[in-house]
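Chain residues, written in single-letter form:
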Amino acid sequence: MKLAARILFLAALAQPMLAQAATPDDFFRAVQVDDDRALKRMIEATFDPNVPEPARGENGLIVALREDSMRAFELLVRHPGIRVDQPATNGNTALMMAAFKGKRQAVVDLIERGAAVNRSGWTPLHYAAAGGDADIATLLLDRKANIDARAPTGTTPLMMAAQEGQQAVVRLLLARGANPYLVDNNKRTALRVAELADKRAIAKDIAAHMAANPVPAAAPKKR
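Criteria and cut-off values
- The residue count restarts for each chain, going from 1 along the sequence in the order it is written.
- Only residues with pLDDT of 70 or above have their local features reported here, since the model is predicted, and side-chain atom pairs are shown and tallied only from 80 upward, although totals for entire chains, interfaces and linings are computed over all residues.
- Side-chain calculation: all heavy atoms of the structure are included, whereas hydrogens and water are not.
- We count a stretch as a helix when DSSP gives it H or I for four or more residues in a row; a strand needs E for two or more, and each element gets its number in order from the N terminus.
- Using a 1.4 Å probe on the protein chains alone, a residue whose accessible area is under 20% of its type maximum counts as buried, one over 50% counts as exposed, and one in between counts as partly exposed.
- Contacts between residues were defined by any pair of non-hydrogen atoms, one from each residue, lying within 4.5 Å.
- Axis lines are fitted through C-alpha atoms, for helices just across the contact stretch, and the angle between N-to-C directions can take any value from 0 to 180 degrees.
- An angle below 35 degrees is treated as roughly parallel, one above 145 as roughly antiparallel, one from 65 to 115 as roughly perpendicular, and anything else as oblique.
- Note on residue categories: nonpolar means Ala, Val, Leu, Ile, Met, Phe, Trp, Tyr, Cys or Pro, charged means Asp, Glu, Lys or Arg, and polar means any other residue, Gly included.
- Definition of nonpolar core: a set of buried residues of the types Ala, Val, Leu, Ile, Met, Phe, Trp, Tyr and Cys, connected through side-chain atoms within 4.5 Å.
- With the far helix as reference, a near helix turned anticlockwise by less than a right angle produces a left-handed crossing, and one turned clockwise produces a right-handed crossing.
- A pair is scored as a salt bridge if a Lys or Arg side-chain nitrogen falls within 4 Å of a carboxyl oxygen belonging to Asp or Glu.
- Any pair of N or O atoms that falls within 3.5 Å is considered a polar contact. Within protein, one atom must be able to donate a hydrogen and the other to accept it, and sequence-neighbouring residues count only if both atoms are side-chain atoms.
- Here the aromatic set is Phe, Tyr and Trp, taking the six-membered ring for Trp, and pairing holds for ring centres within 6.5 Å; pairs whose planes are under 30 degrees apart are stacked, those over 60 apart are edge-to-face, and all others are tilted.

### A word on the overall build of the protein
- The secondary structure content of the protein amounts to 13 helices and zero strands.
- Along the protein, helices and strands appear, N-terminal first, in the series α-α-α-α-α-α-α-α-α-α-α-α-α.
- Residues classed as buried in the protein amount to 43% of the 223 residues present.
- Taking as baseline every contact in the protein between residues at least 6 positions apart, the subset at least 24 positions apart corresponds to 67%.

Here it is, written out as structure tokens:
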């Protein structure tokens, strides 16, 4: 072997092989299995942590929460370039997913990093109501979440909790001032939603609240 070729050969053996550039498939596979070490290597190699997952358009934060990959979530949420409110194709955000999954610390971490508590359409409070986590619902309300936020269907968090049979959240929302007289796009109140879902205990709670808090009579018009 010629001297120059031998030198190049020996140099190649002495150096570690260069890692191939990570792909989105590699990234989301690491998120799904909660491999934070692999994620750290990818991010340090300038891989964009905000890349959307092809099927749902979810970023790594949302996937980590959906898959209960909390080491991956903690690594990603601390990344200085992470976009905490980047929505998926269906409009879901990481805060909405954390609220639905009952991940209180993740909710706190996201809010501290600027995640929006209020937004148009479905909100994190809707998702907390559906998931039935009264503690997270309380946290969101304490952060000025709109208690009567309206989804595109006209659904309020109270209606969502009633539909899903989440009695603790129903009671919390009523106690915090949710309006049980609002109607959705199908003209249904939260009481009617509970009745149609056969959530009898919840329907009873809402009916009792409405009886104790009737709609104020309209003021007479001045002549």
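Okay, back to it.
### Overview of the side chain of Glu53
- Note on placement: Glu53 falls in the loop between helix 3 (36-44) and helix 4 (60-66).
- Filtering out sequence-adjacent residues up to four positions away, Glu53 remains in contact with Phe28, Glu58 and Val63.

### Points about the packing of helix 11 (residues 167-175) against helix 13 (residues 200-212)
- For the pair helix 11 and helix 13, interaxial distance at closest approach is 10 Å and the crossing angle is 10 degrees. In terms of orientation, helix 11 lies roughly parallel with respect to helix 13. Here helix 11 contributes Gln167, Val170, Arg171 and Leu174 to the contact with helix 13, which in turn contributes Ala201, Ile202, Asp205, Ile206 and His209.
- Grouping the constituent residues of the contact of helix 11 with helix 13 by class yields five nonpolar, two polar and two charged.

### A word on the nonpolar core
- Core analysis: the biggest nonpolar cluster contains 67 residues, and Phe27, Leu61, Leu110, Leu140 and Ile206 have the highest contact counts within it.
- Per-element tally for this core: the top contributor is helix 6 (residues 94-101), with six residues.
- What Leu61 contacts, discounting residues up to four positions off in sequence, is Phe73, Leu76, Val77, Ile82, Arg83, Val84, Ala94 and Leu110.

### Topic: the packing of helix 6 against helix 8 (residues 124-131)
- Packing of helix 6 against helix 8 leaves a shortest axis separation of 7 Å and a crossing angle of 20 degrees. Overall, the two elements helix 6 and helix 8 adopt an arrangement that is roughly parallel. Remark: the crossing between helix 6 and helix 8 carries right-handed chirality. Residue-level contacts link Leu95, Met96, Ala99 and Phe100 of helix 6 to Pro124, Tyr127, Ala128, Ala130 and Gly131 of helix 8.

### Some remarks on the pattern of salt bridges
- Tallying each qualifying case throughout the model produces 14 salt bridges.
- The residue Glu195 makes a salt bridge to Arg192 at a minimum N-O spacing of 3.3 Å. In this pair, Glu195 and Arg192 both sit in helix 12 (residues 190-196), three residues apart, roughly one turn of the helix.
- A cluster of three or more residues bridged by salt bridges with shared partners is formed by Asp34, Asp36 and Arg71.

### Here we look at the environment of Gln86
- Residue placement: Gln86 occurs in the loop between helix 5 (70-77) and helix 6.
- Setting aside residues no more than four positions away along its own chain, Gln86 makes contact with Asn50, Pro52, Asn59, Ile62, Asn92 and Thr93.
- At a separation of 3.2 Å, a polar atom in the side chain of Gln86 contacts the side chain of Arg83.

### Re the packing of aromatic side chains
- One pass over the structure, following the stated rule, counts three aromatic pairs.
- Considering the side-chain rings of Phe27 and Phe28, the 5.0 Å spacing of their centres and the 85 degrees angle between planes classify their relative orientation as edge-to-face.
- Considering the side-chain rings of Phe100 and Tyr127, the 6.5 Å spacing of their centres and the 80 degrees angle between planes classify their relative orientation as edge-to-face. With a gap of 27 residues between them, Phe100 in helix 6 and Tyr127 in helix 8 connect regions that are remote in the sequence.
- With relative accessibility at 41%, the residue Phe100 sits in the partly exposed group.
- According to the relative accessible area criterion, Tyr127 is buried, its value standing at 18%.
- Taken together, the ring pairs in this structure connect Phe27, Phe28 and Phe47 into an aromatic cluster.

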